[in-house]
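Observations on the three-dimensional arrangement
Chain residues, written in single-letter form:
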Amino acid sequence: MKIKKAVFPVAGLGTRFIPATKAMAKEMLPVVDKPIIQYAVEEAFEAGIEQIIFVTGRGKKALEDHFDRSFEIEHTLQHKGKDDLLKQIQELVPKTGTIIYTRQNQPLGLGHAIWCARDIVGDEPFAVLLADDLIQTDTPVLSQMVKKFDRLRASMAAVMEVEKDQTDKYGILDATHVEDDIVRIDDMIEKPDPDEAPSNLAIIGRYILTPKIFDFLGKGKKGAGGEIQLTDAMRTLLKDQPIFGYKFKGKRFDCGDKAGFQMANLAFALERPDMRDKLIKFIKELQKDF
Ligand code: G1P
């Protein structure tokens, strides 16, 4: 079965980026010249996703506008003969009807956000992308995972090893090695203290889930931080179905963190031929002062 739908939880307030996010959706913060959310949406389409489901909230109007036509800008660019830019903004607007918006009207956690999309997803496996996790790679991580799903036919999460003292920021796995880049999840726990973590293998924000997950999300049980956690629902799902961890190829940046966000900007800017040399020169100058 093909993965056709992807859920994007985008209701978060982005308090870590205040004041930048006081009146602006955190997903609209740019990495180089593209909003964080656009990287994730492009990744989804590249992986063959046909329908994007944004679980949004108050104050996120810019997100909707970003993926819509902008007649004023298009008109101006056309008038000025800036055809490249015109093409660029026209191309980022997905075909009518491919983006669906629903609202999470209370901040009850990631698990609750996904549950808000249950009727739109229906009875089929689907992807979840957390746009804060930006991954630099040749083959987008969701494409890597869809390929694995074709063979494994089971739920999976992208995983990577993190520093032992960072486990309280992630869903952490107790897992068994299956092959090269695949582990079978035996248990999982959301944001454990380092001394309680079963490993340092952490979930990163890309998932493929079977619709059975909604049965458990619907129970509304609160977990770490008093929130309804996706990790807890997956943990219950484990009793019925296998879930795999996929050690993706790529370098991950945590754009939900100020330092991680700056690193992403630098790494992605260094990939741009028009900026690369200038930046390297600047970094070398800076290094002299370190
Ligand atoms: C969420 C998940 C967590 C996962 C992380 C990846 O946490 O709950 O299991 O490891 O994303 O970024 P958040 O970062 O939203 O607190």
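On a predicted model such as this, the values are computed, not experimentally measured, just so you know.

**Some thoughts on the pattern of salt bridges**
For the coordinates displayed, the defined rule picks out 20 salt bridges. For Glu-27, the salt bridge goes to Lys-60, with nearest N and O atoms at 2.8 Å. Taken together, the residues Glu-27 in the loop between strand 1 (5–9) and strand 2 (30–31) and Lys-60 in the loop between strand 4 (51–56) and helix 2 (61–66) connect sequence positions 33 residues apart. Assessed through its relative accessible area of 4%, Glu-27 is described here as buried. Accessibility expressed as a relative area gives 4% for Lys-60, which makes it buried. Salt-bridge contacts for Asp-65 lead to Lys-61; the nearest nitrogen and oxygen are separated by 3.1 Å. Placement of the pair is Asp-65 and Lys-61 together in helix 2, with a separation of 4 residues, close to one helical turn.

**Some points on helix 7 (residues 141–152)**
With 12 residues, helix 7 extends 16 Å between its outermost C-alpha atoms, agreeing within 8% with the 16 Å of an ideal straight helix rising 1.5 Å per residue. With 9 of 12 residues buried, helix 7 lies mostly within the body of the structure. Looking only at helix 7, the buried set comprises Val-141, Leu-142, Ser-143, Gln-144, Met-145, Val-146, Lys-148, Phe-149 and Leu-152. At the C-terminal side of helix 7, Arg-153 shows a positive phi close to 55 degrees.

**Observations concerning a negative patch on the surface**
Taken together, the side chains of Glu-163, Asp-165, Asp-168, Asp-193, Asp-195 and Glu-196 define an acidic patch exposed on the protein surface. Summarising the element assignment, Asp-195 is placed in the loop between strand 10 (182–190) and strand 11 (201–209).

**A closer look at the site of the ligand**
Inspection of the region around the ligand gives 13 residues, with Asp-133, Gly-171, Glu-190, Lys-191 and Ile-203 positioned closest. Separating an oxygen atom of the ligand from a side-chain N or O atom of Lys-191 is a distance of 2.7 Å. Taking Ile-203, its main chain carries an N or O atom lying 2.6 Å from an oxygen atom of the ligand. Summarising the interface, the protein chains cover 76% of the accessible area of the ligand, which totals 380 Å² for the free molecule.

Criteria and thresholds
Residues numbered from 1 in each chain as written. Predicted model: local features only at pLDDT ≥ 70, side-chain atom pairs only at ≥ 80, totals over all residues. Heavy atoms only, no water. Salt bridge = Lys/Arg side-chain N within 4 Å of Asp/Glu carboxyl O. Helix = DSSP H or I, 4+ residues; strand = E, 2+ residues; numbered from the N terminus. Buried < 20%, exposed > 50% of the residue type's maximum accessible area, 1.4 Å probe, protein only. Expected span 1.5 Å × (residues − 1). Patch = residues over 30% accessible without salt bridge, like charges linked within 9 Å, V, L, I, M, F, W, Y side chains within 5 Å. Areas by Shrake-Rupley, 256 points an atom, 1.4 Å probe, with all protein chains shown as cover. Lys, Arg positive; Asp, Glu negative; His and termini not counted. Charge placed at Lys NZ, Arg CZ, Asp CG, Glu CD. Near = heavy atom within 4 Å. Polar contact = N/O pair within 3.5 Å; in protein donor to acceptor, adjacent residues only side chain to side chain.

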